[in-house]
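Take a look at the letters that make up each chain.
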Amino acid sequence: MIEPDMRKLPAVSKLLDYPPLQPARQQYGPVLLTSAIRSVLQRYRAQLPMHVPELAQLADEVAAELFKSQQPVLRMVINATGIVLHTNLGRAPLHPSAVQAVQMAAEGYLNLELELATGKRSSRQNPIRADLQRLTGAEAATVVNNCAAATVIVLRALAAGKEVIVSRGQLVEIGGSFRIPDILTVSGATLREVGTTNITRLSDYEQAIGPNTGAILRVHASNYRIRGFTKSVGIAELVALGQKHNIPVIDDVGSGAVYDLTPFGLPGEPTISEGIRAGAAIALFSGDKLLGGPQTGCIVGKQELIQRIERDPLMRAFRCDKMTLAALEATLQLYRDPERAKRNIPVLRMLTTPLTELRQRAQAFAEALRASQAFQQVEVQDAEAFVGGGSLPDVALPTAVIALSVAGQSEELFAERLRTGTPAVMARIQAGQVWLDLRTVFAEQEPALLQALQAAAQNRVGGGVTPPSSHTTGRTYVSGGS
Ligand SMILES: *Cc1c(COP(=O)(O)O)cnc(C)c1O
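Here's what I pulled together on the structure shown here. (Residues numbered from 1 in each chain as written. Predicted model: local features only at pLDDT ≥ 70, side-chain atom pairs only at ≥ 80, totals over all residues. Heavy atoms only, no water.)

## So, the overall build of the protein chain
In terms of regular secondary structure, the protein chain is built from 20 helices and 17 strands. With respect to the principal axes defined by its C-alpha atoms, the protein chain has extents near 90 × 55 × 50 Å. Sorting the 482 residues of the protein chain into buried and exposed places 48% on the buried side. Nonlocal contacts in the protein chain, meaning residues at least 24 apart in sequence, comprise 74% of its contacts between residues at least 6 apart. Accessible surface, the protein chain as shown: approximately 22900 Å² in total, 52% of it carbon and sulfur. (Helix = DSSP H or I, 4+ residues; strand = E, 2+ residues; numbered from the N terminus. Buried < 20%, exposed > 50% of the residue type's maximum accessible area, 1.4 Å probe, protein only. Contact = heavy atoms within 4.5 Å. Areas by Shrake-Rupley, 256 points an atom, 1.4 Å probe, with all protein chains shown as cover.)

See the structure below:
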């Protein structure tokens with residue numbers, strides 16, 4: 001049965017032709033506009049008792065609906081958590097030169113597998129080989145989609161059908177379903193566990209070596225630490241053992257620091273060249289962790305083994321796309337000058353920002369927040385942050401945070417409004433407050449962060465990209481994304 005009131009809602013065509021909605025119709029086209037009109041009318045129809053608004057109000061709601069439906073799911077987030085390698089936020093932000101390289105690769109054609117001098121076909125790995133070799137001291141280098149893929153393909157190419165010796169203290173889970181024992185199974189190798197959770201000795205490895213040993217694998221304990229009564233075997237000793245028995249040693253470095261970060265208060269992260277210098281046959285590491293580049297799995301080591309890996313059919317399944325390779329090449333180029341790399345690569349710059357600088361930025365930002373009077377409490381205090389991304393799990397990085405509370409809003413509600421605002425903001429919730437750490441906020445994002453905070457505190461829809469009201473402003477409903 002039709003509700004009698006329903007006839008009072010305007011017809012779709014009436015709204016479609018309603019003059020204040022014409023700019024939106026021009027921008028998005030009649031198909032998307034019609035669909036937005038239908039969903040708004042449907043919302044009213046579902047109400048009981050039904051309230052029928054003015055045409056102008058309906059038009060506003062249609063415009064807002066249209067705008068919302070056109071927002072991509074993936075959008076920029078201001079990372080105010082202070083966690084530099086936040087996997088859920090995409091890990092390493094790229095340097096502008098890498099961003100430019102991505103754009104060049106994305107929008108046109110490029111010599112991805114072509115040698116321009118000869119006009120002959122070449123390998124897509126060529127642009128990254130020399131820099132990776134120089135950076136790690138390895139003979140050869142190749143790159144796949146991520147470090148998980150690198151682990152699979154290396155174990156398969158070097159040890160399928162054979163045993164791989166791993167310490168029980170290194171049978172790690174990196175996250176999700178990535179567990180070393182499962183990865184070994186997938187690659188067709190057999191796991192040969194040695195030692196115990198806390199203690200593994202060189203003799204444990206040596207006793208496990210037999211005619212069917214394919215490799216010794218060392219996995220860097222990226223995301224956990226074993227403390228107390230412990231013993232593990234260093235890469236140099238493992239390499240010496242491997243050489244004695246003619247068995248390759250694979251070093252899964254994981255987070256992949258190029259430089260020793262100890263002077264910056266980040267001890268305990270092995271550098272990627274350590275294992276290679278010691279004579280490891282292969283080292284692997286992620287491109288989007290401490291290296292500060294795009295998501296990749298870098299594989300470096302002996303020429304003959306790299307060639308074997310590249311001949312594996314999985315190479316095609318795991319290969320990187322043109323945008324990734326362009327970004328990696330640009331990132332690696334920055335490492336040619338170590339001082340510039342430390343200053344310019346975003347991940348390294350953020351990790352090495354001095355505490356005094358963080359305090360100053362926090363103080364200045366806190367002043368701006370206090371001036372806006374939307375907050376009950378604004379305090380700058382010293383705190384600790386973590387690197388994230390499964391790197392340096394037990395190193396607390398001294399940092400400065402702005403601790404905020406808003407009258408009449410719980411910290412959870414305020415944090416939720418920040419997350420769902422425009423731009424989205426991720427903050428930490430701690431001690432009944434919302435904490436902002438500017439370490440991971442780019443200086444040019446500060447005005448937008450300030451606006452987003454004020455909007456969330458006053459429970460307005462966030463900063464500057466909401467559709468203006470049609471009948472009050474007469475403006476075009478433009479998307480905020482352009
Ligand atoms: C992070 C990590 C991986 C996985 O790397 P992705 O690039 O995320 O696939 C593998 N091994 C170790 C030791 C790691 O730290």
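Still to come is the rest of the account.
## Points about the pairing of strand E14 (residues 397–405)
Along any regular strand, the residues point their side chains to alternate faces of the sheet. For E14, the tally of buried residues reaches 8 of 9 residues, placing the bulk of the element in the interior. As paired elements, strand E13 (residues 377–385) and E14 share 9 bridges and run antiparallel to each other. Pairing of valine 378 across the sheet is with leucine 404, part of E14. (Pairing = 2+ DSSP bridges.)

## Concerning the side chain of histidine 95
By the secondary structure assignment, histidine 95 is in the loop between strand E1 (77–79) and helix H5 (96–107). Assessed through its relative accessible area of 16%, histidine 95 is described here as buried. Setting aside chain neighbours within four positions, we find histidine 95 in contact with Leu334, Asn344 and Pro346.

## Notes on the environment of isoleucine 180
Within the secondary structure layout, isoleucine 180 lies in helix H8 (residues 180–186). Residue classification places isoleucine 180 among the buried residues on the basis of a relative accessible area of 1%. Sequence-wise, isoleucine 180 and asparagine 79 are 101 residues apart; in three dimensions their C-alpha atoms are separated by 31 Å.

## Comments concerning the packing of aromatic side chains
The full count for this structure, using the stated rule, is 2 aromatic pairs. The positively charged end of lysine 342 is found above the aromatic ring belonging to tyrosine 259, 4.8 Å away from the centroid. (Phe/Tyr/Trp six-rings, centres within 6.5 Å; stacked < 30°, edge-to-face > 60°. Lys NZ or Arg CZ within 6 Å of the ring centre and 35° of its normal.)

## Thoughts on the layout of surface pockets
When its volume is computed, the largest pocket comes out at roughly 880 Å³. Around the largest pocket, the lining is made up of 37 residues, and of these Pro93, Leu94, Met350, Thr440 and Phe442 lie nearest the centre. Only E1, H5, helix H16 (346–351) and helix H17 (355–372) provide two or more residues apiece to the lining of the largest pocket. Tallied by class, residues from the lining of the largest pocket come to 18 nonpolar, 12 polar and 7 charged. (1 Å grid on protein atoms, 1.4 Å probe; cavity = no way out; pocket = protein on both sides within 12 Å on 5 of 7 lines; lining within 4 Å. Points joined across faces, edges and corners; volume = space filled by probe spheres on them. Nonpolar A, V, L, I, M, F, W, Y, C, P; charged D, E, K, R; others polar.)

## A look at the packing of H5 against helix H14 (residues 322–334)
Packed helix pairs are characterised by how far apart their axes lie and by the angle those axes make with each other. The geometry of H5 relative to H14 is characterised by a closest axis approach of 8 Å and an angle of 150° between their N-to-C directions. Between H5 and H14, the interaxial angle falls into the category roughly antiparallel. Remark: the crossing between H5 and H14 carries right-handed chirality. Facing H5, whose interface residues are Ser97, Ala98, Ala101, Val102, Met104, Ala105 and Ala106, H14 presents Lys322, Met323, Ala326, Ala327, Ala330, Thr331 and Leu334. (Axes fitted to C-alpha atoms, helices over the stretch in contact; angles between N-to-C directions. Parallel < 35°, antiparallel > 145°, perpendicular 65-115°, else oblique. Left-handed = near helix turned anticlockwise from the far one by under 90°.)

## Examining helix H18 (residues 411–420)
Residues Phe414, Ala415 and Leu418 constitute the buried set of H18. Along the axis of H18, the buried residues cluster in a sector spanning 100°; they form a single face. (Arc of directions from axis to C-beta.)

## What to know about the pattern of salt bridges
Opposite charge on two side chains lets them pair, provided their charged atoms get close. Under the counting rule described, the total for this entry stands at 20 salt bridges. Of the charged contacts in the structure, one is a salt bridge between glutamate 163 and arginine 192, with a shortest N-O distance of 3.5 Å. With glutamate 163 in strand E5 (residues 163–167) and arginine 192 in strand E8 (residues 190–194), this residue pair connects regions lying 29 residues apart in the sequence. Ionic pairing is found between glutamate 173 and arginine 179, a salt bridge with its closest N-O pair at 2.4 Å. Overall, glutamate 173 belongs to the partly exposed group, its relative accessible area being 34%. (Salt bridge = Lys/Arg side-chain N within 4 Å of Asp/Glu carboxyl O.)

## Some thoughts on the sheet that holds strand E12 (residues 297–301)
Taking strand neighbours across the sheet as the criterion, the 7 strands line up as E4-E12-E11-E10-E9-E5-E8 in an open arrangement whose pairing is mixed. Of all strands in the sheet, those with a lone pairing partner are strand E4 (140–144) and E8, marking the two edges. Direction aside, neighbouring strands of the sheet carry axes that sit 25° apart on average. Sheet topology note: the E5/strand E9 (residues 213–219) ladder contains 3 bridges and is parallel. Paired with isoleucine 165 across the strands is isoleucine 216, a residue of E9.

## A look at the nonpolar core
Within the largest apolar cluster, 40 residues are counted, with the highest numbers of intra-cluster contacts made by Leu132, Leu266, Phe285, Leu291, Val300, Tyr335 and Leu351. For this core, the secondary structure elements donating two or more residues are helix H6 (126–136), E4, helix H11 (272–278), strand E11 (282–286), E12, H14 and H16. Sequence-distant contacts of leucine 351, defined by excluding residues within four places in its chain, comprise Val84, Leu266, Leu290, Val387, Leu397 and Arg439. In this structure, Leu155, Val166, Leu184 and Ala215 belong to the second largest nonpolar core, which totals 33 residues. (Core = buried A, V, L, I, M, F, W, Y, C linked by side-chain atoms within 4.5 Å.)

## Quick look at the sheet that holds strand E16 (residues 428–430)
If you walk across this open sheet you meet the 4 strands as E13-E14-E17-E16, and the pairing is antiparallel. Among the strands making up the open sheet, the edge pair consists of E13 and E16. Neighbour to neighbour, the strand axes of the sheet diverge by 40° on average, direction disregarded. Two elements, E14 and strand E17 (residues 433–436), share 3 bridges in a ladder whose sense is antiparallel. Considered in E17, the bridge of leucine 404 is made with valine 434. Docked against the sheet, H18 engages E14, E16 and E17, running at close to 40° with respect to E17.

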